[in-house]
Amino acid sequence: MDAEKLEHCKIQPSPCTDEHDQELSLPLTHFDIPFLLSDPTLRLIFFNSPTCSKSHFVDTIVPQLKKSLATTLTHFLPLAGNIIIPGGTGTPLSRYVPGDSVSLTIAQCDKDFDHLTGNHQRLADEFYACVPQLPPACRLSDDSLVFSVLALQITLFPGKGICVGLSNYHAVADESSIINFLKMWAVVNRSSSLIDPLIITDVPDFDRTAALVVRDPGGKLVSRAMEIVKKNSRANSAVELSSSTTTLTTFPIKTNRVRVTLVLTDTVIKNMKKYVSVNRPNLCHVSSFTVICAYIWSCSIKSEAAVGEETDENEPVCFTTAADCRPRLVPPLPAAYFGNCVVFVIAESMHGLLLKGNNEGFLIAAESIGEAIRETLDTSDNDGILDSADWPVDFARFDGKRVMSVAGSPRFDAYEVDFGWGGRANKYEFVHLDTEKSMSLCKSREFDGGFEIGLSRTKLEMDAFQDFFRQGLEIIMRVSA
C-alpha cells in the first residue's frame with residue numbers, strides 16, 4: 001500500500017530574536033531565474049533505524065524533528081517563505097514574512113525497506129509513497145504568482161528505518177544550499193541543546209550584493225534571464241507565467257520505469273581514467289567526473305538504440321551538467337552563499353559517434369565532456385566563466401535534441417547527514433529522474449574514493465544498459481590492468 005499519513009502540519013521558524021521576526025526579501029539573481037522553468041527536485045534520504053517502533057517514532061523522534069526543523073529554519077528563512085513573480089515587469093524575489101512555514105507530512109509505510117534501499121532494479125513507482133507534495137501555486141489580486149519552495153515528509157518503516165523526503169524548487173537554492181540545510185538540521189536534531197549557529201561554518205550567507213552588483217552591473221543578465229523564462233514558460237514547467245492557474249503533478253504517478261544504483265570503486269575509476277589517458281593522450285580533463293559521465297552517456301545512447309528508439313547517426317546529442325561557480329568567480333563567493341550559483345557545462349556530439357563499439361563511443365564522449373569542461377571552466381578572467389558558459393542559458397536550444405543531464409554532485413555529500421537515529425544516511429535517491437533521461441551522481445557510502453550513479457529507465461532499456469555497462473567495463477579492466 002502507499003504510505004499511511006499520520007499527521008500533516010506546518011512548521012514555522014522559531015522566533016529566536018527580533019531579527020528573525022522581520023521580513024526577509026531576496027531578489028532572484030540571474031543564477032536563480034533560469035530555474036523557474038525547472039520542475040521540482042525530489043530527494044529521498046533513507047536511514048537505518050532497526051529499533052524504531054511506531055510509538056517511539058511518534059512520541060520521541062517526530063517532536064524532536066519538529067523542534068530542530070523550526071530552529072534550523074530560523075537560519076534558512078527563504079526555505080520557509082515563497083517565491084513571488086510580479087504580475088508586471090518587476091524582478092522575481094524570494095520572500096519570507098512571519099507566519100510563513102514549511103509543509104511537513106508524517107507517515108508510515110509497510111513497503112520493504114531493504115528492497116527500496118538496495119542497488120538492484122526496483123520499481124520506480126514504489127518510491128512515491130515517501131515523496132512530499134508541494135502546495136499549489138496561487139495568483140494574487142495584483143496578478144503576482146506565489147508559490148512555496150519546500151515540502152518535507154518523514155516516513156517510518158517500523159523496525160527498519162526512516163526516510164526523509166524533500167520536494168523543492170531549484171529556483172530558491174542549488175544542491176550546495178540544500179545539503180547545507182540538511183546537514184545543519186541533522187546537527188541540531190541530534191544535539192541535546194540548541195546550537196549556536198556561529199560555531200557552524202556553513203551558516204547561510206544571504207548577501208546578494210556581490211551576486212547582483214559585482215557579477216551583473218546594470219542588471220543585464222537578470223533582464224536576459226527573464227526574457228528567456230517568459231519565452232520558454234510552458235504548462236508543465238515549474239512556473240507557467242501566462243496562465244491564471246497553476247497545477248502540480250500529484251503522487252503516486254505511473255512511471256513504467258525501474259531504478260538502479262551503480263557503484264564504481266576507486267580501483268575501477270582509476271582504470272577508466274588510465275584507459276582514456278592512453279587512448280586520448282591530448283585530453284586535459286581526465287577526471288573521475290569526466291570518465292564516469294562519459295561512460296554513462298555512451299551506454300545510455302547505446303541502450304536507447306538497442307530497444308528500438310528511432311535514431312539518426314547525424315542526430316545531435318547533448319550532455320549537460322551544472323558547475324558550482326562560488327569558488328570560480330573573482331573574487332569568489334563564500335561557500336555558504338545561499339541560492340543558486342551554477343553555470344552549465346554543455347557537451348555536444350553526434351548520435352552515431354557515441355554508438356561506436358569497442359568503447360570508442362565512450363572515448364568520444366570523454367573527449368566531448370572534457371573539452372566542454374575546459375572551455376567553460378578554465379578561465380582566469382574576472383567573471384569570464386559567465387561569458388564562456390554563455391550564461392544565462394536559453395534552454396530552448398535543446399528543443400528537439402537528445403539531452404542527458406546530471407542531478408547531484410559528489411562535492412556535496414548527503415551521506416554525511418546524520419540525524420542521530422543510529423548512523424549517517426544509507427541511501428540517497430533522486431526521484432525526479434523518473435521524468436527525464438538523466439543520471440544522478442554522488443559519493444559512494446561504502447567505498448572511499450568510489451561513486452554511486454542513479455538511473456531510471458524502462459525495464460527493457462535498463463536491461464540493455466546494464467549489459468553495455470558490464471561489457472564495456474570488462475574491456476577496460478582487462479586492458480588497463
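Before reading on, note that the structure itself is shown above.
Please read these numbers as outputs of a predicted model, since none were measured by experiment.

Student: Explanation requested: the overall build of the chain in the structure shown.
Tutor: Of the regular secondary structure elements, the chain holds twelve helices and 18 strands. Relative to its full complement of 481 residues, the chain shows a buried share of 56%. In the chain, the share of contacts with a sequence separation of at least 24, taken over all contacts with a separation of at least 6, comes to 79%. Of the roughly 19,500 Å² that the chain leaves accessible, carbon and sulfur atoms contribute 50%.

Student: Would you explain the sheet that holds strand β4 (residues 82-85) in this entry?
Tutor: Within a sheet, neighbouring strands are paired by backbone hydrogen bonds and run either parallel or antiparallel to one another. Across the sheet, five strands lie side by side as β2-β5-β4-β9-β8; this open sheet has antiparallel pairing. Each edge of the open sheet is held by one strand with a lone partner, namely β2 (24-27) and β8 (138-139). Where β4 lies against strand β9 (residues 145-148), four bridges are found, and the strand directions are antiparallel. Within β9, the residue paired with Ile83 across the bridge is Phe147.

Student: Looking at this structure, I do not really get the side chain of Asn426. What am I missing?
Tutor: By the secondary structure assignment, Asn426 is in the loop between β15 (402-407) and β16 (427-430). Judged by its relative accessible area of 15%, Asn426 falls in the buried class. One polar contact links Asn426 to Asn48, side chain to side chain, over a distance of 3.3 Å.

Student: Please explain the nonpolar core as it appears in this structure.
Tutor: Here is a general trend for soluble globular proteins: nonpolar side chains tend to be buried in one another's company. Among the nonpolar cores identified, the biggest contains 132 residues, and Phe181, Trp185, Ile292, Ile296, Trp297 and Met439 are the most heavily contacted of them. The residues contacting Met439, other than those within four sequence positions of it, are Ile292, Cys293, Ile296, Phe319, Met404, Ser405, Val406, Ala407, Leu433, Ile453, Gly454 and Leu455. With 16 residues, the next largest nonpolar core counts Tyr128, Phe157, Cys163 and Val431 among its residues.

Student: Sorry, what's going on with the packing of helix α7 (residues 266-279) against helix α8 (residues 288-306) here?
Tutor: Helix packing geometry: the angle between the two helix axes and the distance between the axes. Direction vectors running N to C along α7 and α8 enclose 85°, while the axes themselves pass 9 Å from each other. Relative to α8, α7 is oriented roughly perpendicular. Residue-level inspection shows Ile269, Met272, Lys273 and Val276 of α7 in contact with α8, the latter providing Ser288, Val291, Ile292 and Tyr295. The residue makeup of the contact of α7 with α8, split by class, is six nonpolar, one polar and one charged.

Student: Looking at this structure, I do not really get helix α6 (residues 220-232). What am I missing?
Tutor: An α-helical turn contains 3.6 residues, so a residue and the one three or four places further along point in the same direction. Look at α6: 19 Å from first C-alpha to last across 13 residues, which is about the 18 Å you get at 1.5 Å a residue. Buried within α6 we find Leu221, Val222, Ala225, Met226, Ile228, Val229 and Asn232. Here the buried residues of α6 occupy an arc of 160° about the axis, which is enough to place them on one side. Exposed side of α6, more than 90 degrees from the buried face: Lys220, Glu227 and Lys231 are the residues found there.

Student: Help me out: how do you make sense of empty space enclosed by the protein in this one?
Tutor: Here the idea is plain: a probe the size of a water molecule rolls over the atoms and shows the empty space left. Under the criterion given, the structure shown has two cavities of 30 Å³ or more. Elements supplying a minimum of two residues to the lining of the largest cavity: β16, β17 (438-443) and β18 (451-457). Of the residues assigned to the lining of the largest cavity, the class counts are four nonpolar, three polar and three charged. Secondary structure elements with two or more residues in the lining of the second largest cavity: α8, β13 (316-324) and β15. For the lining of the second largest cavity, the leading source of residues is α8, giving four residues. Its residues assigned to classes, the lining of the second largest cavity comprises six nonpolar, one polar and three charged.

Student: Can you walk me through the sheet that holds β13 in this structure?
Tutor: Here seven strands make up an open sheet; going across it, the order is β7-β12-β18-β17-β15-β13-β14 and the pairing mixed. For this open sheet the edge positions go to β7 (122-123) and β14 (342-350), each flanked by a neighbour on one side alone. As judged from the four bridges shared by β13 and β15, these two strands associate in the parallel manner. Opposite Phe319, over in β15, you have Met404 as the bridge partner. In the packing of helix α12 (residues 459-480) onto the sheet, the strands contacted are β12 (258-264) and β18, and the crossing angle to β12 comes to about 15°.

Student: Got a minute to help me understand the packing of aromatic side chains in this structure?
Tutor: As enumerated under the stated definition, the model contains 22 aromatic pairs in all. With centroids separated by 6.3 Å and ring planes inclined at 15°, the aromatic side chains of Tyr275 and Phe362 adopt a geometry described as stacked. Highlighted residues: Tyr275 in helix α7 and Phe362 in helix α10 (residues 360-377), separated in sequence by 87 residues. Using a relative accessible area of 0% as the deciding quantity, one classes Phe362 as buried. Ring geometry for Tyr295 against Phe362: centres 5.2 Å apart, planes inclined by 85°, an arrangement best described as edge-to-face. Within this pair, whereas Tyr295 is found in helix α8, its partner Phe362 is found in helix α10, the two being separated by 67 residues in sequence. The exposure class assigned to Tyr295 is buried, which follows from its relative accessible area of 1%. Aromatic ring contacts, followed pair by pair, group Phe47, Phe76, Phe181, Trp185, Phe206, Phe338, Phe419 and Trp421 into a single cluster.

Student: Honestly, the environment of Arg259 in this entry has me stumped. Any pointers?
Tutor: Structurally, the position occupied by Arg259 is in strand β12. Accessibility expressed as a relative area gives 1% for Arg259, which makes it buried. Measuring from C-alpha to C-alpha, the distance between Arg259 and His120 comes to 7.7 Å, with 139 residues separating the pair along the chain. Side chain to side chain, Arg259 and Glu429 meet in a polar contact 3.0 Å long.

Student: Would you explain helix α4 (residues 175-190) in this entry?
Tutor: Along its 16 residues, α4 runs 23 Å from first to last C-alpha, staying within 8% of the 22 Å computed at 1.5 Å per residue. Counting buried positions over the 16 residues of α4 gives 13, a clear majority of the element.

Student: So what exactly am I meant to see when it comes to the environment of Asp112 here?
Tutor: One can find Asp112 in the loop between β6 (102-108) and α3 (113-116). According to the relative accessible area criterion, Asp112 is partly exposed, its value standing at 45%. The sequence separation of Asp112 and Phe157 amounts to 45 residues, and the corresponding C-alpha distance is 8.2 Å. In this structure the side chain of Asp112 is engaged in a polar contact, spanning 3.1 Å, whose partner is the backbone nitrogen of Asp114.

Rules used in this analysis
Residues numbered from 1 in each chain as written. Predicted model: local features only at pLDDT ≥ 70, side-chain atom pairs only at ≥ 80, totals over all residues. Heavy atoms only, no water. Helix = DSSP H or I, 4+ residues; strand = E, 2+ residues; numbered from the N terminus. Buried < 20%, exposed > 50% of the residue type's maximum accessible area, 1.4 Å probe, protein only. Contact = heavy atoms within 4.5 Å. Areas by Shrake-Rupley, 256 points an atom, 1.4 Å probe, with all protein chains shown as cover. Pairing = 2+ DSSP bridges. Polar contact = N/O pair within 3.5 Å; in protein donor to acceptor, adjacent residues only side chain to side chain. Core = buried A, V, L, I, M, F, W, Y, C linked by side-chain atoms within 4.5 Å. Axes fitted to C-alpha atoms, helices over the stretch in contact; angles between N-to-C directions. Parallel < 35°, antiparallel > 145°, perpendicular 65-115°, else oblique. Nonpolar A, V, L, I, M, F, W, Y, C, P; charged D, E, K, R; others polar. Expected span 1.5 Å × (residues − 1). Arc of directions from axis to C-beta. 1 Å grid on protein atoms, 1.4 Å probe; cavity = no way out; pocket = protein on both sides within 12 Å on 5 of 7 lines; lining within 4 Å. Points joined across faces, edges and corners; volume = space filled by probe spheres on them. Phe/Tyr/Trp six-rings, centres within 6.5 Å; stacked < 30°, edge-to-face > 60°.

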